[in-house]
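Structure assessment
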Amino acid sequence: MLPSATNATILNERDELLEILSSMGVKLPASTRLHVDALQEHLTKALDRSQRHAELFQHRRPNVGSFEPWIMGSGKTVKEAMISYNLQEIAGGGDIGSFNELRIMLSESIGMAYELGMASIFVSEDSERDRLIKLKVTGLYKMDDDTPLIAVEYKLGNAKDDDEEGNLMLNSPGGHTVFRKLLEINATHSSEDRSRSSITGMTPSYLLPLHPLNHRDIGSLCKDVGCIICGSPSAAHCSRCRSIPYCGAACQRSDWQRHKTSCLALDTGIWIRTKYSTTNLQGMLNRTSQAVENIPQENEPAGYGDNSFIVKLQLSPVDGNSMLVYDRKRSFVGQILRSNDHENFERLQRVVSTGHLGLKIYLWSKYVGDHTLVSKEKKKPNIYTDHLTQPDNEIA
Ligand SMILES: [Zn+2]
Ligand SMILES: [Zn+2]
């Protein structure tokens, strides 16, 4: 488990990047060994997508001088436009995470401050680490009716000057870090002339509304989790189960003793294809008195890419005509109904009957889209594993 963003613990850089990515929905598996550089690259992609960079700039460098000014009083206010979230999405109490903290700050502090005509320097303070970001708003431009671009200059430092004021309401070190990264990333995109910055000591950059990542973006960012042994980028997977990423044969070989059990479990047994339903879920949950509190809105397994993951199947003890299906991190919850596909329901029911109390079982599954899962009939055929000491499967 990662420490929460509001926790006073000072995280190391790698943990902090993982926490920020996770707060954006990019929940890399705990086993990932991706290096700081690769995580940094993940974050750059994630922030670009969150800002809808490709759509707004068609892969060109944004040239701040060429944009139309954002006219006050026509349509949305900057605060409204920057608030690209609805409160329900973030409400619910508890830790909102670094990313949502930054999104709220951009709207509440910067969007509003500009409208009030406060052009002074604002400071985001990470008091635990004596780090400051000094920020000055230099202009407000219109990308489209819903999208303002706030041109800024920023400087990193560790002490406030007398004329600097304002607190940008970022409470957590993670929130402060993702803000700094956002400014740095946008500064490298910007085509603004840097010669000016050498005089003022401030670097030109910009801010755009941050949107939550959609499932396609999350899926593609979760795809490369790096070689499970050394963390190098890995384009290859174990060819037998297609589930474990490796950089090459050496790492695969060194992992075989550990991996072979789950690999062979995945390689044997038949895939059972089932479509789950997401309607009337609450009724089902009440009947089985399940503690699944928040039914996710999108209701698709998130963050696995093409990889297999474990789902839990639980037969309804009431009538035996439906079963609940969800993954460990509850990125989706569905129910499989006998009436939808009698034959596959029976096959799954036979598998579930071998599990805990004859009612529950964990199975390796893959998501193939359209609320459809394929699940492996067998989980752990222990009998196969001992005579194989080397993988006979190439990586692919
Ligand atoms: Zn490796
Ligand atoms: Zn394998």
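Before any of the text, the structure's been laid out above.
Since the model is a prediction, treat every value here as computed from it, not as a measurement.

From N to C terminus, the protein includes twelve helices and 13 strands. Looking at the protein residue by residue over its 396 residues, the buried ones come to 49%. If you take every contact in the protein between residues at least 6 apart in sequence, the share linking residues at least 24 apart comes to 68%. On the protein, roughly 19300 Å² of surface is accessible, and the fraction owed to carbon and sulfur atoms is 49%.

Attention now goes to helix α2 (residues 36-50). Two residues of an α-helix separated by three or four positions point the same way, owing to the 3.6 residues in each turn. Compared with an ideal rise of 1.5 Å per residue, which puts 15 residues at 21 Å, α2 spans 21 Å between its outermost C-alpha atoms and is within 8% of the ideal. The set of residues buried in α2 consists of A38, L39, H42, L43, A46, L47, D48 and S50. Once α2 ends, the next one or two residues include R52, with phi positive near 55 degrees.

Below, the discussion takes up the packing of aromatic side chains. Tallied over the entire structure, the rule returns four aromatic pairs. Relative to Y141, the ring of F67 has its centre 6.5 Å away and its plane inclined at 65 degrees; by these criteria the two rings are edge-to-face. A residue pair is termed long-range when its members are at least 10 positions apart, and F67 in the loop between α3 (53-57) and β1 (68-69) and Y141 in strand β3 (residues 131-144) qualify at 74 residues. You'll find F67 and Y141 in the same group, each marked buried. Ring geometry for Y276 and F332: centres 5.1 Å apart, planes at 40 degrees, overall tilted. Here Y276 is found in the loop between β8 (271-275) and α11 (281-287), whereas its partner F332 is found in the loop between β10 (322-327) and β11 (333-337), with 56 residues between them in sequence.

So, about the pairing of β3. Counting buried positions over the 14 residues of β3 gives ten, a clear majority of the element. Two strands pair when backbone bridges link them, and β3 and strand β4 (residues 147-157) are joined in this way by eleven bridges, in the antiparallel orientation. Of the residues in β4, the one forming a bridge with L132 is G157. In this structure, the hairpin formed by β3 and β4 is closed by a connection of two residues.

Right, let's get into the pattern of salt bridges. Oppositely charged side chains can form a pair if their charged atoms are brought close together. Under the counting rule described, the total for this entry stands at seven salt bridges. Notably, a salt bridge pairs K142 with D145, separated by 3.2 Å at the nearest N-O pair. Taking relative accessible area as the criterion, D145 reaches 55% and is therefore assigned exposed.

What follows concerns the side chain of N344. If you trace the backbone, N344 turns up in helix α12 (residues 342-352). By relative accessible area, N344 is classed as buried at 13%. In terms of polar contacts, N344 uses its side chain to reach the side chain of R347, at 3.0 Å. In contact with N344, not counting residues within four places along its chain, are I272, R273 and T274.

With that settled, consider the sheet that holds strand β13 (residues 372-376). Spatially, the six strands line up as an open sheet ordered β8-β13-β12-β9-β10-β11, and their pairing is antiparallel. Lying at the two open borders of the sheet, with one neighbouring strand each, are β8 and β11. Each neighbouring strand pair of the sheet contributes to a mean axis angle of 35 degrees, computed without reference to strand direction. Of the strand pairs in this sheet, β8 and β13 are connected by five bridges, and their pairing is antiparallel. Paired with R273 across the strands is V374, a residue of β13. Of the strands in this sheet, β8, β9 (309-315), β10, β11 and β12 (360-367) touch α12, which is tilted by about 120 degrees from β8.

So, about empty space enclosed by the protein. The tally for this structure, following the rule as stated, stands at two cavities of 30 Å³ or more. Reported here for the second largest cavity is a volume of approximately 40 Å³. The wall of the second largest cavity is formed by T274, K275, I336, L337, N340, D341, N344 and F345. When residues of the lining of the second largest cavity are traced back to their parent elements, those giving at least two are β8, β11 and α12.

Turning our eyes to something else, we now look at the coordination of the zinc ion (ligand 1). Within the protein, C227 (SG), C230 (SG), C247 (SG) and C251 (SG) serve as the donor atoms for the zinc ion (ligand 1), at 2.3 to 2.4 Å. Sequence spacing among the residues donating to the zinc ion (ligand 1) works out to C-x2-C-x16-C-x3-C. Residue classification places C227 among the buried positions, given a relative accessible area of 0%. The exposure class assigned to C230 is partly exposed, which follows from its relative accessible area of 29%.

A separate point is unusual backbone geometry. Positive phi values are uncommon outside glycine, yet R330 reaches one of about 55 degrees. Backbone geometry at H371 places phi at a positive 55 degrees, although glycine is not the residue there. You can see H371 is positioned in the loop between β12 and β13.

Here the focus is the environment of H342. By secondary structure assignment, the location of H342 is in helix α12. Between the C-alpha atoms of H342 and N321, which are 21 residues apart in sequence, the distance is 9.6 Å.

The rules behind the values
- Residues numbered from 1 in each chain as written.
- Chains lettered and ligands numbered in written order.
- Predicted model: local features only at pLDDT ≥ 70, side-chain atom pairs only at ≥ 80, totals over all residues.
- Heavy atoms only, no water.
- Helix = DSSP H or I, 4+ residues; strand = E, 2+ residues; numbered from the N terminus.
- Buried < 20%, exposed > 50% of the residue type's maximum accessible area, 1.4 Å probe, protein only.
- Contact = heavy atoms within 4.5 Å.
- Areas by Shrake-Rupley, 256 points an atom, 1.4 Å probe, with all protein chains shown as cover.
- Expected span 1.5 Å × (residues − 1).
- Phe/Tyr/Trp six-rings, centres within 6.5 Å; stacked < 30°, edge-to-face > 60°.
- Pairing = 2+ DSSP bridges.
- Salt bridge = Lys/Arg side-chain N within 4 Å of Asp/Glu carboxyl O.
- Polar contact = N/O pair within 3.5 Å; in protein donor to acceptor, adjacent residues only side chain to side chain.
- Axes fitted to C-alpha atoms, helices over the stretch in contact; angles between N-to-C directions.
- 1 Å grid on protein atoms, 1.4 Å probe; cavity = no way out; pocket = protein on both sides within 12 Å on 5 of 7 lines; lining within 4 Å.
- Points joined across faces, edges and corners; volume = space filled by probe spheres on them.
- Donors = N, O, S within 2.8 Å, 3.2 Å for Na, K, Ca; no water.

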